[in-house]
Every structure is written in C-alpha cells, then in structure tokens.
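# Per-entry structural report
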Amino acid sequence: MDGVGLGRADDGNAVWAAETPVLDELVNSDTHRALIAHGPPVGLPSLSDMGNSEVGHNAIGAGRTFSQGAALVDSALKSESAFQGDSWPWLLSGGTLHLLGLLSDGNVHAHTQHLFAILQRAAKDGVKTIRIHLLTDGRDVGERTALEFIQPLEELLKSLSSSSRDYAIASGGGRMNLTMDRYDADWAMVERGWNCHVHGQGRQFSSASIAIQTLYDEDPQLTDQWLPPFVITNKERQPIGRISNGDGVLFWNFRGDRSIEISKAFEGRDVPFNRGSTTQVRFAGMMQYDGDQQIPNRFLVSPPAIESTVGEHLVAARQKIFAISETQKFGHVTYFFNGNRSGYLDPSLEVYEEIPSDRVPFNQAPGMQARAITKRTCEAITSGSFNHIRLNLPNGDMVGHTGDFDATVLAMEVVDRCLGDLRAAIEQVGGVLLVTADHGNAEQMYEWDKKNQEYKRGKHGERITKTSHSLNPIPFAVVDPMNRWCLTDVEDPNLTHIGSTLLTLAGIELPRGYVPSLLEPLT
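Everything numeric here is computed off the predicted structure, so don't read it as measured data.

How each quantity is defined
Residues numbered from 1 in each chain as written. Predicted model: local features only at pLDDT ≥ 70, side-chain atom pairs only at ≥ 80, totals over all residues. Heavy atoms only, no water. Axes fitted to C-alpha atoms, helices over the stretch in contact; angles between N-to-C directions. Helix = DSSP H or I, 4+ residues; strand = E, 2+ residues; numbered from the N terminus. Parallel < 35°, antiparallel > 145°, perpendicular 65-115°, else oblique. Contact = heavy atoms within 4.5 Å. Nonpolar A, V, L, I, M, F, W, Y, C, P; charged D, E, K, R; others polar. pLDDT = per-residue confidence, 0-100. Buried < 20%, exposed > 50% of the residue type's maximum accessible area, 1.4 Å probe, protein only. Salt bridge = Lys/Arg side-chain N within 4 Å of Asp/Glu carboxyl O. Pairing = 2+ DSSP bridges.

## Topic: the packing of helix α6 (residues 112-124) against helix α7 (residues 146-160)
The N-to-C vectors of α6 and α7 enclose an angle of 10°; their axes lie 11 Å apart at closest approach. Judged by the angle between their axes, α6 and α7 are roughly parallel. Where α6 abuts α7, its residues T112, L115, F116, L119, Q120 and A123 lie against F149, P152, L153, L156, L157 and L160. Class assignment for the residues of the contact of α6 with α7 results in 10 nonpolar, two polar and no charged.

Okay, here's the thing in structure tokens:
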C-alpha cells in the first residue's frame, strides 16, 4: 500500500477517516508490527529525512541497509569527490553552465544544499556564466513554499555574480507540469520542460520570485507542483538562458525515476518529440539513474551499488515470480525492488505486468487502477503458477500527494476492498499475505503552521494542507490461513527486514549481511 503509514487517529488522517474494516482488522491482529520507513535505517542521512518510494522499495528488495542517493551526494559534495572525476571539468569545458533540477529541501529527489554547493564550487573554478532552470516542488514540501527556496537562491546568485561572473535563474515551472515525468507515463511533460528550459518558451517575467508571486495572486488554488512554465527575460524581452549547442547541463536531482526521461532527451535516446536544433550539449546527472542502460553516460556521484538482492536469490532458487502495478509505481516493484536494475533478472521465471495509469489528476479518479491490479493479482494467486507475487497499490501516495483529503479517504476505501479480495484469494490457496507499505503519506494530510503567532503561543494556529510524505512508521501485517508462522522479536524493525522475511517464507537461507526475518516457523 504505497504511502500508507500509521498516524494519529485525528481529522488529518485519511486512513483513519476511511471505512477500512480489513486494514483495521489486520493492524489490530496479533501478527502486526510497526516498521521504521525513514532515516538511517533505510539509508537516508538523518532521522528528519522522510522515506520515499525509491528508497522504500530498494530497502525491501535489498534485505539490508545501503546508503541512498541523498547520503551519497551529501558525502561526495562535502569531500569534493563529486568534482574530482572527469564529468565536472567536461561540463565546464563548453559554454554556459546550466543547472536543472528540483528546488526543494525535501531530500527525496534533490536538496537545495546540493545546488548551493555546486554553485559555490563553480564560482571557485572560475565559471563565468550559469543559468538555473528550476522545478518547484509543493509535493515533498509545503504546497506553496517555492518562494522560501527561490529567494535565498536569488540572494546567493547575486552575491556570486560580479563583473566577471553572471549567475541567474533562467526558467522554471511545477514538477508535475513539466520535465519530471517517470516510467514513460507522459512524455508531453518532458517536451514542455524541453521547450521551456532549452527554447525559452513560457510566460515571461523579470525574475523568478515575481513569477511565483504573480501566479499565486492570479490563482489562489494553484500549488507549486502544478505551476506553468515561465522564463526570465531581459529588458528587450528576450529569454536570458536558452540552452545552446556546446553548453554544459547538469541535472542536480539524485533520485532516478523522474530523472531518466529528461536525461534521455538531452542524450538523444529514443525521444518521442522534436528537440529542434539543440542536440549537442554536454549533459551529466548528479548520479547515474539507470546503471543497466547507463543513463546518463556522465554523472558526478556513483549510485548505490545494491547487489545480492532478494530478487536475485529468488530466481537462483528457481522461484516463479509475478510483479504488477500501474505505470506510476510499476518501476518500484521491478527496477527499484531489484536494486536499480532494468528488465528481467530471469525472463524464464518472471512475469512483470504494467497496467497503464489514468492521465487525469489522481484526486479526480482516486480508485486509480487498484481494482485492475487486484483482479490480475488474484488471478495470479489462484492460478498456482507463481511462488512469489508482489504488487503496489499506489492510491495512498499518489492521491495523498494531491492534498485532497476527501479523495484520499475514497482512495483508502478502494484499497481496503482490494485487500479483502487479496486476503480471500490467499485463503483459498493457503498462501501467506504480507500487507505493508513503503512510507507514510495518507495518514498525515495536514500540519500546523509553526510560523503562526497562535502556534508560538502554545496553540495549534492555522492548519495547512500537507502533500509530502511523513515520518510515521508503516504497517506490517501477516495473513497466514494455515497458521504456520509467527512473528520474531526483532528490535526496532524497518523495511529491510521485509526482504529477509520474503526469503524466509521461500525457504531460502538468509545470505550474509541480511537482517533477521520478521517471521519464523511455529514450533
């Protein structure tokens, strides 16, 4: 259940507000434990770092903790090893240096500190011209917080600029409107980003902060993740930062799923739109987002090397595998679960099925494709053809990110009915069902404005919509109709323990380094 955590029973908890008799029964059973899904236990730098779907599925599929993108980039920038390979000087050997990415401190896809470190290093290395192409967040952070990140960036750029240096913001727009598509769901997003960042197409403004404030004023309901493309122009109304052949472009996001398509666009790999004449740029990513396909070819920080995954051990044991979700989370039960590896591990043993996601805002269709996913999964369960089946129901996360509380309640009620169908299928064949999540979201849809004076006087103050993930634990419940398994007494369990549990259920001895299983046979 993507994005379903264990939160307080209050009116900000869409999971609690929903009619979920199946989930309620599972969470209150004797075979339920709460698991940690954030911070160092899953490879993130600190306990203040929320879990996310990429990290969560990596952890489940790894069976132990690997340092994740955020931690690796933090370390590489601090030690300056990110600048010591061939890619950094190669980027600087062209014309203007363009920096493109998500402007946010959510630390899920990117962090402003990383951008600031790159800018300061570029100034130290004598880079004369830099243009920033930013994507506003409103998803991993507050839904209207763009100015909190843009204004400090504008101040830094002003301080770094001089008679010999010209550093400025050139373009921008919301992350769910342009550039950051994933899983080939909507290449039109990437094309809008390309036209904005590369060709300078978008509504014109004299500065990014003026652009954001104007868009806010014109539409009080518009949030950062949906902002339209905008470009910054000079006095002659010409874009100040079009990307040209020979320029260097660094995509500063570290997370892979929403970085692959824009990387392919810059590298000219199977791009389904006309890029125009700008086809020869020096492009690099903060990390390599797909090691199998080597996307991109150039990068500053090596990604986590996740080997000896749960999937590898399952196929080595000749287990037949079925993995399914809809487009939005299909890569999570395949690519991320398998340690950031594309394609099949063994096509003779595995079946991966992707159900196309709706192309409408998720709060308008909160059921998403959960029923279709569940129907196919139940067919796979009762077919007797598979030993290991994994699925992702995206509703709690994708609808939760819209900030629409009522729609998220409806989404959770659909998920609960799906759980009932899955439980019935498992009971029919005498299998074992593990019901869990990768991080929290739907259970914490509101937060309090801590800057509000009422809050500072000890009162709650103003309640604001929360569209980001949470720091809450996630559920882990077991349906075992044959009564063969019981919970172990693992201390402070986290997502990595799920991977070990999957191998234990499959009768596979835990490999060296794996954490203990959450289940053991009843004696």
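## Here's the deal with the confidence of the model for the protein chain
For the protein chain, the average pLDDT comes to 94, and 97% of its residues sit at 70 or higher. Per-residue pLDDT stays below 50 along residues 452-459; that stretch engages in 11 contacts with residues further than four places along the chain or on separate chains.

## What to know about unusual backbone geometry
Omega for the peptide link from I295 to P296 comes to -10°, which places this bond in the cis form. Along the chain, P296 falls in the loop between β8 (282-287) and β9 (299-301). The residue E80 is not glycine, and still its phi comes out positive at about 70°. Of note, E80 is situated in the loop between α4 (69-79) and α5 (87-92). Its relative accessible area of 30% is what places E80 among the partly exposed residues. The phi dihedral of N483 is positive, around 55°, even though this residue is not glycine. Relative to the elements of secondary structure, N483 occurs in the loop between β16 (474-479) and β17 (485-487). What makes N483 exposed here is its relative accessible area of 55%.

## Things to note about the pattern of salt bridges
Inspection of the entire model under this criterion finds 22 salt bridges. Residue R376 pairs with E353 through a salt bridge whose shortest N-O separation is 2.8 Å. In this pair, R376 sits in helix α13 (residues 370-383) while E353 sits in strand β11 (residues 350-355), placing the two residues 23 residues apart along the sequence. A single network of salt bridges, built from pairs that share partners, joins E54, R182, R255 and D257.

## A short note on the pairing of strand β12 (residues 388-391)
The alternating pattern of β12 places H388 and R390 on a buried face and I389 and L391 on a face that is not buried. Across four bridges, strand β10 (residues 321-326) lies against β12 in parallel orientation. Opposite I321, over in β12, you have H388 as the bridge partner.

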